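Chains, contacts and geometry: an overview
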Amino acid sequence: MPTRTGREYGPPPQIKPKRLGDYLEVMSKAVFQTGISWDVVNAKWDGIRDAFDGFDAQTVADYDGGKMDALMEDRRVIRNRKKLEAIASNAARMLELEQQHGSFKKFLGAQGDFEGKVKALKKEFKFLGETGSYVFLYIVGEQVPPHDEWSRSRGRG
């Protein structure tokens, strides 16, 4: 998977999510990377994580207009209000889906194959498209097709 890490290309590291916030952090990074240099996002990531309270899902879901105003003034984050609000909305939706399915992993499993998961992610979450969904699923350890095969299936390679 050709992602940027500094000047090298290579797949991002995978994780084994231990809490809902782990899923939220990976998804939020995909949200920020939409239309922005991945190098910029990666360089700011530690500050973004700190500004977003370590991506504690309940805390982020509870963000209000005042918190959004503060984030818009915070130089550690990428100050795009629509994306900031999307992350809070995505956190709330993750909590709902976790409650409905017993865990977020079970929600993903209930979507069937890779294509079903991508379709569900795009439907349920803001600023998450084809590439963001692919990267998200790969990083959280879900089954994804090889990147070159996936790219060709999307007319990209």
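Scroll up to find the structure this text is about.
What counts and what doesn't
Residues numbered from 1 in each chain as written. Predicted model: local features only at pLDDT ≥ 70, side-chain atom pairs only at ≥ 80, totals over all residues. Heavy atoms only, no water. Helix = DSSP H or I, 4+ residues; strand = E, 2+ residues; numbered from the N terminus. Rg over C-alpha atoms; globule rule 2.2 N^0.38 Å. Buried < 20%, exposed > 50% of the residue type's maximum accessible area, 1.4 Å probe, protein only. Core = buried A, V, L, I, M, F, W, Y, C linked by side-chain atoms within 4.5 Å. Contact = heavy atoms within 4.5 Å.

This part takes up the overall build of the protein chain. Scanning the protein chain for helices and strands turns up nine helices and two strands. Helices and strands appear in the protein chain in the N-to-C order β-β-α-α-α-α-α-α-α-α-α. What you see for the protein chain is a C-alpha radius of gyration of 15 Å, in line with the 15 Å of a compact globule of 157 residues. Relative to its 157 residues, the protein chain shows a buried fraction of 45%.

In summary, soluble globular proteins display a tendency toward joint burial of nonpolar side chains. In this structure, F32, F52, F104, F125 and F136 are the most contacted members of the largest nonpolar core, which totals 47 residues. Those elements that provide at least two residues to this core are α1 (20-33), α2 (38-51), α3 (57-61), α4 (65-73), α5 (81-101), α6 (104-109), α7 (114-124) and α8 (130-139). With eight residues, the top contributor of residues to this core is α1. Other than its neighbours up to four places away in sequence, F32 contacts V41, W45, I48, F52, I78, K83, L84 and I87.

Take unusual backbone geometry next. Phi angles above zero are rare outside glycine, and D53 is one such case at about 50°. On the secondary structure map, D53 appears in the loop between α2 and α3. Its identity is not glycine, yet F127 carries a phi of approximately 60°, on the positive side. The residue F127 is located in the loop between α7 and α8 in this model. A residue is classified by how much of its surface remains accessible, and F127, at 34% relative accessible area, is partly exposed.

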